[in-house]
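Summary of structural features
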Amino acid sequence: MTDISSLVRRNIRDLKPYSCARSEFQGEASVFLDANENPLNEPYNRYPDPLQIELKQKIAGLKHVNPTRIMLGAGSDEPIDLIIRIFCEPKVDNIVAISPTYGMYEVCADINNVEYRKSALNDDFTFDAARLLDATDEHTKLIFLCSPNNPTGNILDSNEVRKILTGFRGITVMDEAYVDFSTHPSWLQELDSYPRLTVLQTFSKAWGLASVRCGMAFASEDIIRYLNKVKYPYNINLLTQKFVGEQITFEARKNEWVRMLLYQRELLAKELTQLPVVEHVFPSDANFLLVRVTDANEVYGRLVRKGVIVRNRSNISLCQGCLRITAGTEQENNLLINELKQL
Ligand SMILES: *Cc1c(COP(=O)(O)O)cnc(C)c1O
């Protein structure tokens, strides 16, 4: 049994996956009478490629990762859920994650009835690997890290992350939804060094494709095999496969958007710092700013009444009094600043 298989829930290890028509026969043929499809309405009448080979080849070129180390999901939310279902036995195993962080890890753990343990970041949002490892026990199967972290915006120190990757015998998930906005390197190039590392990225943020729902998991072939075994066979529809494949060819445009948004984020930070309602603007490696204001609920409510919506994070641990503000266009950011000036 591989290292990975020994971590997998028994029912998943033993699972005989559904074998769909498109995976039983692969290749060219002139007559397809195997999947009860309608012969008319090409090309939408045919089931899509369950393993999205063409799209993965393009993503492999983009990310310099072998296609066999890629799983695609309906957003990165899909692999988050699948990884919990693959590794965590409900009511037995547990998950440890930094806190505060992206809310979906805890929701998915709750849905799967898996204990979720929060390990607080320091007050300045830096990360202490030893403290997080202290929260683990022999039933900890997963650690969720997020860098740049949401909602705090900061990168997790790579030396601390390495302590987790070497010191933890379970699966470490590194969520890199905001990696395109960061000057720090991705953990993708380290998959060879850490066979239990799983990196999540998405087309939802820098690529401007949140509505299309396409997320990526990168991991060892063993982990990818389990993700493919458990996912719905046709989880990525044909329209998405084709469209994302086209969008990838516009990488230069994505990079230009990132440059513009980072510039706007810096302008926004400067403007915000000068406002009386703003107490602190936290440094950010992402396309948003965490901002501590004098009265978060009051400021949030007034902005809503003016039609400007930000995210109220003031009830989240370590984020008391904070709003999370996405960097928008110059015009959008100016509208926000003008409203805040009038408070
Ligand atoms: C936005 C975000 C995602 C993206 O989720 P998708 O399902 O891919 O849209 C993932 N992780 C974090 C931390 C995020 O902020």
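Residues numbered from 1 in each chain as written. Predicted model: local features only at pLDDT ≥ 70, side-chain atom pairs only at ≥ 80, totals over all residues. Heavy atoms only, no water.

1. As for the site of the ligand
Among the 13 residues in the neighbourhood of the ligand, the closest are listed as Asp175, Tyr178, Thr202, Lys205 and Arg213. With respect to the ligand, the side chain of aspartate 175 contributes an N or O atom lying 2.6 Å from a nitrogen atom. Contacts to the ligand include threonine 202, whose side-chain N or O atom sits 2.6 Å from an oxygen atom. Here the ligand, which alone exposes 390 Å², has 94% of that area covered by the protein. (Near = heavy atom within 4 Å. Polar contact = N/O pair within 3.5 Å; in protein donor to acceptor, adjacent residues only side chain to side chain. Areas by Shrake-Rupley, 256 points an atom, 1.4 Å probe, with all protein chains shown as cover.)

2. Notes on the sheet that holds strand S9 (residues 288–293)
Across the sheet, 4 strands lie side by side as S8-S9-S11-S10; this open sheet has antiparallel pairing. If you trace the sheet from one side to the other, it starts and ends with strand S8 (278–281) and strand S10 (311–312), each paired once. Strand direction decides the pairing type here: S8 and S9, joined by 3 bridges, are antiparallel. Of the residues in S9, the one forming a bridge with valine 281 is valine 291. Lying on the sheet, helix H10 (residues 251–273) is in contact with S8, S9 and strand S11 (322–326); it crosses S9 at an angle near 5 degrees. (Pairing = 2+ DSSP bridges. Helix = DSSP H or I, 4+ residues; strand = E, 2+ residues; numbered from the N terminus. Contact = heavy atoms within 4.5 Å. Axes fitted to C-alpha atoms, helices over the stretch in contact; angles between N-to-C directions.)

3. Side note on the packing of aromatic side chains
Given two aromatic rings, their pairing is described by the distance between the two centres and the angle made by the two planes. According to the stated counting rule, one finds 7 aromatic pairs in the structure shown. An angle of 65 degrees between the planes, with centres 6.0 Å apart, marks the rings of phenylalanine 25 and phenylalanine 32 as edge-to-face. Ring geometry for tyrosine 105 versus phenylalanine 144: centroids 4.5 Å apart, planes at 10 degrees, classification stacked. Of this pair, tyrosine 105 sits in helix H5 (residues 104–111) while phenylalanine 144 sits in strand S4 (residues 140–146), placing them 39 residues apart in sequence. With a relative accessible area of 0%, tyrosine 105 lands in the buried category. Taken together, the aromatic side chains of Tyr102, Tyr105 and Phe144 make up a single cluster linked through ring pairs. (Phe/Tyr/Trp six-rings, centres within 6.5 Å; stacked < 30°, edge-to-face > 60°. Buried < 20%, exposed > 50% of the residue type's maximum accessible area, 1.4 Å probe, protein only.)

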